[in-house]
Amino acid sequence: MKGLAVALLLAMPAFAQERRDPRVEALVRRIDAARLEATVKRLTEFGTRHTLSGTQAPGRGIVPAREWLAAEFSAIAKGSRLKPFEDRFTAQPDGKRIPSAVEIVNVGVILPGSDSARSKQAIVMTAHYDSMPSDVMDPKADAPGAIDDASGTAMALELANALKDESPALTVYLVAVAGEEQGLIGSQHLARRLKSEGVEVVAMASVDIAGNSEGQDGVRDATVARLFSEGTPETESEAQKKLRLAVGNENDSAAREWARYVQRTGELYVPSLRLRVILRRDRIARGSDHMSFAREGFPALRLSEARENYRGQHQTPRTENGVRFGDELWRFDAAYAARMCRALGAAIASLSFAPPPPQEVTLAGAVSPDAKLRWKLSPDARIAEVILYRRPADGVVWERAQSLGKVTEVTLPSVTTDDWFFAVATADAAGNQSIPQAPSVVGR
Ligand SMILES: [Zn+2]
């Protein structure tokens with residue numbers, strides 16, 4: 001058995017085993033560009049969704065906006081497997097961007113997982129529905145926030161609609177959070193709450209600024225998006241540090257594996273979109289809600305557009321010398337946003353359907369001409385095969401994926417461990433894969 005896996009290894013083409021699950025294809029098809037645009041338009045009509053804006057007039061401010069969102073999530077959830085979700089708290093003055101106590105409400109849905117052995121594991125997607133004008137402390141000025149971040153918020157609703165009747169193994173949270181512009185306050189509360197409830201978030205995605213396709217330089221690109229994730233975890237333990245220094249796995253953190261997973265799965269189901277795995281936690285010196293989850297030790301990434309226009313971000317709408325500023329609806333490219341939503345939806349769905357990943361992956365073969373890997377498999381009967389991923393040690397994304405069959409070890413003759421990175425994933429019969437697991441143990 002082992003010998004067979006070895007013999008086939010170099011003969012098979014890269015990614016030969018990747019199959020599309022018709023279930024995932026169907027839910028990807030349910031994601032609708034026109035509905036995304038209608039949601040973004042509706043959200044801009046609240047005038048401002050500044051976290052401190054309350055209700056400024058009927059239909060204006062963050063309170064009517066969140067009431068509308070809650071009603072939309074509830075309407076989608078009705079008669080489906082979804083359960084409405086609310087995370088409500090009072091943020092206290094912090095001497096920074098919260099001048100006085102304010103109620104913050106994260107609102108969304110939960111799709112309960114069916115795997116009782118993993119009942120506390122979850123996948124979380126967030127977007128922030130709050131917005132800001134030029135002055136982050138001004139709750140009164142217009143702040144339509146079409147791209148930042150009605151675009152992501154619309155995707156949360158759209159994914160709820162696409163997933164509502166599915167029965168995934170893992171629980172999925174789709175949540176519109178507030179307080180992002182005031183310091184990631186809503187997502188921080190949500191991440192800490194889930195942690196305190198014993199929920200193990202195995203993968204988290206913040207979709208933030210994901211719908212503008214024309215950069216400030218005038219270059220238009222609606223076919224590429226970016227995935228930001230941390231390399232070395234912010235919460236790195238001493239043991240993790242020791243392993244990192246021994247094997248140089250700073251590009252193989254759980255967050256980075258999740259980013260590569262979204263890239264690979266997203267492109268498999270949405271060939272018209274290319275996803276770039278950016279080797280940064282976020283854009284330089286900027287942030288989003290995935291960082292709140294990373295700080296709690298959860299693998300998290302940010303999905304964002306490829307070409308930003310800073311005249312649209314954090315700008316009160318106005319025209320200066322013929323140049324339009326402001327985050328208004330006309331900037332939103334619904335077809336582009338739909339591609340990103342479909343790609344992320346495919347990754348979330350496929351992971352939620354997939355069996356549990358290999359455990360205790362051990363890499364051996366240092367100071368030897370052969371690489372050897374072994375791992376443990378859960379007794380879950382849905383595990384149909386194990387996929388070995390590898391990339392050269394100067395590569396960013398996996399270059400080769402190989403089905404090994406249902407085995408718990410492999411030997412790669414004449415493969416020098418120093419020159420390659422490896423990971424192993426499980427897959428079900430439909431091709432849904434776990435996140436590849438990099439070796440956590442270096443042994444003999
Ligand atoms: Zn944002």
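Look up: the structure comes first, before these words.
Residues numbered from 1 in each chain as written. Predicted model: local features only at pLDDT ≥ 70, side-chain atom pairs only at ≥ 80, totals over all residues. Heavy atoms only, no water.

Secondary structure assignment for the protein yields ten helices and 17 strands. Its C-alpha radius of gyration of 22 Å places the protein within 12% of the 22 Å reference for a compact globule of 444 residues. Burial analysis of the protein (444 residues in total) assigns 57% to the buried set. Of all intrachain contacts in the protein linking residues separated by at least 6 positions in sequence, the fraction that spans at least 24 positions is 78%. Counting every atom, the protein has about 17,500 Å² of accessible surface; 50% of that belongs to carbon and sulfur. One finds the centroid of the 57 positive side-chain charges in the protein at a distance of 2 Å from the centroid of its 57 negative side-chain charges. (Helix = DSSP H or I, 4+ residues; strand = E, 2+ residues; numbered from the N terminus. Rg over C-alpha atoms; globule rule 2.2 N^0.38 Å. Buried < 20%, exposed > 50% of the residue type's maximum accessible area, 1.4 Å probe, protein only. Contact = heavy atoms within 4.5 Å. Areas by Shrake-Rupley, 256 points an atom, 1.4 Å probe, with all protein chains shown as cover. Lys, Arg positive; Asp, Glu negative; His and termini not counted. Charge placed at Lys NZ, Arg CZ, Asp CG, Glu CD.)

Okay, a negative patch on the surface next. A surface patch of negative charge is lined by Asp 394, Glu 399, Asp 418 and Asp 419. Mapped onto the elements of the fold, Asp 418 is located in the loop between strand 15 (409-412) and strand 16 (420-427). (Patch = residues over 30% accessible without salt bridge, like charges linked within 9 Å, V, L, I, M, F, W, Y side chains within 5 Å. Salt bridge = Lys/Arg side-chain N within 4 Å of Asp/Glu carboxyl O.)

Moving on, we get to the layout of surface pockets. When its volume is computed, the largest pocket comes out at roughly 1,000 Å³. In terms of lining, the largest pocket is formed by 43 residues, of which the most central are Gln 240, Ser 253, Ala 254, Pro 299 and Gln 437. Of all the secondary-structure elements, those providing two or more residues to the lining of the largest pocket are strand 5 (200-207), helix 7 (238-247), helix 8 (254-269) and strand 11 (359-364). Per element, the largest residue contribution to the lining of the largest pocket is four residues, and it comes from helix 7. Of the residues that constitute the lining of the largest pocket, the class distribution is 22 nonpolar, twelve polar and nine charged. (1 Å grid on protein atoms, 1.4 Å probe; cavity = no way out; pocket = protein on both sides within 12 Å on 5 of 7 lines; lining within 4 Å. Points joined across faces, edges and corners; volume = space filled by probe spheres on them. Nonpolar A, V, L, I, M, F, W, Y, C, P; charged D, E, K, R; others polar.)

This paragraph deals with the pairing of strand 6 (residues 224-229). Counting buried residues along strand 6, six of its six residues qualify, which places the element largely inside the surrounding structure. Alternating residues of strand 6 divide into Val 224, Arg 226 and Phe 228 and Ala 225, Leu 227 and Ser 229, and every residue in both groups is buried. Relative to strand 8 (residues 300-305), strand 6 runs antiparallel, the two sharing five bridges. Across the sheet, the residue bridging to Leu 227 is Leu 303, located in strand 8. (Pairing = 2+ DSSP bridges.)

Taken together, the buried positions of helix 2 (residues 22-29) are occupied by Val 24, Leu 27 and Val 28. Projected onto a plane normal to the axis of helix 2, the buried residues spread over an arc of 105 degrees and lie on a single side. Summarising the geometry of helix 2, the exposed residues directed more than 90 degrees from the buried face are Pro 22 and Arg 29. Two to three positions downstream of the cap, the backbone nitrogen of Arg 23 sits 2.9 Å from a side-chain oxygen, assigning the N-cap of helix 2 to Asp 21. (Arc of directions from axis to C-beta. Polar contact = N/O pair within 3.5 Å; in protein donor to acceptor, adjacent residues only side chain to side chain.)

Attention now goes to the pairing of strand 5. When a strand is regular, its side chains alternate between the sheet's two faces. Along strand 5, seven of the eight residues are buried, which leaves the element largely enclosed by surrounding structure. With six bridges connecting them, strand 3 (residues 121-128) and strand 5 associate as parallel partners. Opposite Ala 122, over in strand 5, you have Val 201 as the bridge partner. Taken together, the four bridges between strand 5 and strand 8 define a ladder with parallel strand orientation. Bridge assignment links Ala 205 to a residue of strand 8, and that residue is Leu 301.

Attention now goes to the pattern of salt bridges. In this structure the tally under the stated criterion is 32 salt bridges. Residues Glu 158 and Arg 35 are paired through a salt bridge, measuring 2.6 Å at the closest nitrogen-oxygen approach. Of this pair, Glu 158 sits in helix 5 (residues 146-163) while Arg 35 sits in helix 3 (residues 33-44), and the two are 123 residues apart along the sequence. A salt bridge links Asp 217 to Arg 307, with the nearest nitrogen and oxygen atoms 2.7 Å apart. Note that Asp 217 is positioned in the loop between strand 5 and strand 6 and Arg 307 in the loop between strand 8 and strand 9 (318-320), a separation of 90 residues in sequence. Judged by relative accessible area, which is 26%, Arg 307 ranks as partly exposed. The network of salt bridges with shared partners includes Asp 208, Arg 226, Asp 282, Arg 283, Arg 286, Arg 302 and Glu 308.

Here the focus is the coordination of the zinc ion. At the metal site, the zinc ion is ligated by His 128 (NE2), Asp 148 (OD), Asp 208 (OD) and Asp 208 (OD), and these contacts range over 1.9 to 2.6 Å. In this structure, the zinc ion is coordinated by four donor atoms arranged in irregular fashion, with angles at the metal of 53 to 144 degrees. Judged by relative accessible area, which is 4%, Asp 148 ranks as buried. (Donors = N, O, S within 2.8 Å, 3.2 Å for Na, K, Ca; no water. Tetrahedral: all angles 85-135°; square planar, octahedral: opposite > 155°, others 65-115°.)

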